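# Coordinate inspection notes
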Amino acid sequence: MEHLHPRAARFAPWVAAHLRRFHWSIRARMTMLAVVVALVLCVITSTLILNHRYDETTVRRLARLYAANLELVHRFAHRPVPEVIDLENVPAMQLVDRAGQVVSATPRMRGQPRMATFVPPRRSSATDRRLCDVPGFPHRCVLIAAMWVPAASGDLIAYSALPAPPGYVSCAPRSPAPGCVWRRR
C-alpha cells in the first residue's frame, strides 16, 4: 500500500487493496462488453421506435387534415361559402381569400386572424407545415395543411390545423427544433 495516496489507504483498506491489484478476468471483461453492447443496442432500438411512432402519428394527423380540406373542396366547389364551417373531425379551419382575409371559419377560429401565411405553390396542389404559436393555439405547435378551394366568389385557401404530436424536442423560442417555425406577429 506504499504506492497509494495516504488518504486512500486510510479511507478504506479494502478499496486500497483492490486498487493495487486491479485486474479483470477474461470472463468479467466479456460480460462487461456484452452489457455495454446490449445497452447501446437498446438505446438505438428505442430511439428508432420513438421516431417511427412520432412520424406515424404526424402522418395520420396530416391525413385527417387533408381529408377535411378535401371535404371543404367538395362541399363548397363553385358554391357560396357560409360564415361558419361545421366540420366535426377538425376543430380549427379557416377559408382565406386571395387578399388574406378570413372568409369562413370553424367556431373555434371565428374572430381569429389568419392562422398561416404560406400558400400552396400551384392551384391543384396542397402543402403542410408545422408552425408554433398560431392564433387559436398559443404557446403550442400545430400541423397546418393548406389547399386551394374553388368557390363561387373566387379561389380560396383552406387552412386546417391539429395539435402537433408531442415530441421530446420542444419548439421553445430560445431553441427551435428543426421543422418548427415560430409565427412573427
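Residues numbered from 1 in each chain as written. Predicted model: local features only at pLDDT ≥ 70, side-chain atom pairs only at ≥ 80, totals over all residues. Heavy atoms only, no water.

## A closer look at the packing of aromatic side chains
Put simply, the rule is: Classification of ring pairs rests on two measures: the distance between centres of Phe, Tyr or Trp rings, Trp counted by its six-membered ring, which must be within 6.5 Å, and the angle between planes, read as stacked under 30 degrees, edge-to-face over 60 and tilted in between. Here a helix means four or more residues in a row that DSSP labels H or I, a strand means two or more in a row labelled E, and each is numbered from the N terminus. Think of it in three bands: residues with accessible area under 20% of the maximum for their type are buried, residues over 50% are exposed, and the middle band is partly exposed, with areas taken using a 1.4 Å probe on protein chains only.
Tallied over the full model, the rule gives 1 aromatic pair. Here Phe-118 and Tyr-159 contribute two aromatic rings whose centre-to-centre distance is 5.7 Å and whose plane-to-plane angle is 80°, an arrangement assigned as edge-to-face. With a gap of 41 residues between them, Phe-118 in the loop between strand 2 (102-105) and strand 3 (126-134) and Tyr-159 in strand 5 (residues 154-163) connect regions that are remote in the sequence. Considered together, Phe-118 and Tyr-159 belong to a single accessibility category, that of buried residues.

## Digging into the environment of Leu-156
Note the threshold: By definition, residues are in contact when any of their heavy atoms lie within 4.5 Å.
On the secondary structure map, Leu-156 appears in strand 5. Separated by 53 residues in the primary sequence, Leu-156 and Val-103 place their C-alpha atoms 8.5 Å from one another. The residues touching Leu-156, leaving out its near neighbours within four places in the chain, are Val-81, Leu-95, Val-96, Asp-97, Val-103, Met-147, Trp-148, Val-149 and Ala-151.

## Overview of the pattern of salt bridges
Inclusion rule: Just to be clear on terms, a salt bridge is a Lys or Arg side-chain nitrogen sitting within 4 Å of an Asp or Glu carboxyl oxygen.
Counting across every chain of the model gives 6 salt bridges. One salt bridge in this structure joins Arg-110 and Glu-83, with 3.7 Å as the shortest N-O distance. On the criterion of sequence distance, the pair formed by Arg-110 in the loop between strand 2 and strand 3 and Glu-83 in the loop between helix 3 (26-76) and strand 1 (92-96) is long-range, its members being 27 residues apart. By relative accessible area, which is 54% here, Glu-83 ends up exposed. One salt-bridge network, in which partners are shared between bridges, spans Arg-53, Glu-56 and Arg-60.

## Let's talk about the nonpolar core
Just so we agree on the cut-off: Throughout this description, the term nonpolar core refers to a set of buried Ala, Val, Leu, Ile, Met, Phe, Trp, Tyr and Cys residues connected via side-chain atoms within 4.5 Å.
In terms of nonpolar packing, the biggest core is built from 23 residues, with Leu-65, Leu-72, Ile-85, Leu-87, Met-93, Leu-95 and Val-149 touching the most fellow members. Mapped onto this core, the elements with two or more residues apiece are helix 3, strand 1, strand 4 (137-151) and strand 5. Among the elements that line this core, the one with the most residues is helix 3, at 7 residues. Contacts of Leu-65, omitting those with residues within four sequence positions, involve Val-90, Leu-143, Ile-144, Ala-145, Ser-160, Ala-161 and Leu-162. The next biggest cluster of nonpolar side chains, apart from the first, holds 17 residues, and it includes Met-109, Met-115, Phe-137 and Ile-144.

## Section: the environment of Asp-128
So the rule is basically this: For this analysis, a polar contact is any N or O atom pair within 3.5 Å, provided that within protein one partner can donate a hydrogen and the other can accept it, and provided that sequence-adjacent residues contribute only side-chain to side-chain pairs.
Tracing the backbone shows Asp-128 in strand 3. Once the C-alpha coordinates of Asp-128 and Phe-118 are considered, the two residues, 10 residues apart in sequence, prove to be 8.8 Å apart. Residues within four places of Asp-128 in sequence aside, it is in contact with Leu-62, Tyr-66, Phe-118, Ile-144 and Ala-145. At a separation of 2.6 Å, a polar atom in the side chain of Asp-128 contacts the side chain of Tyr-66.

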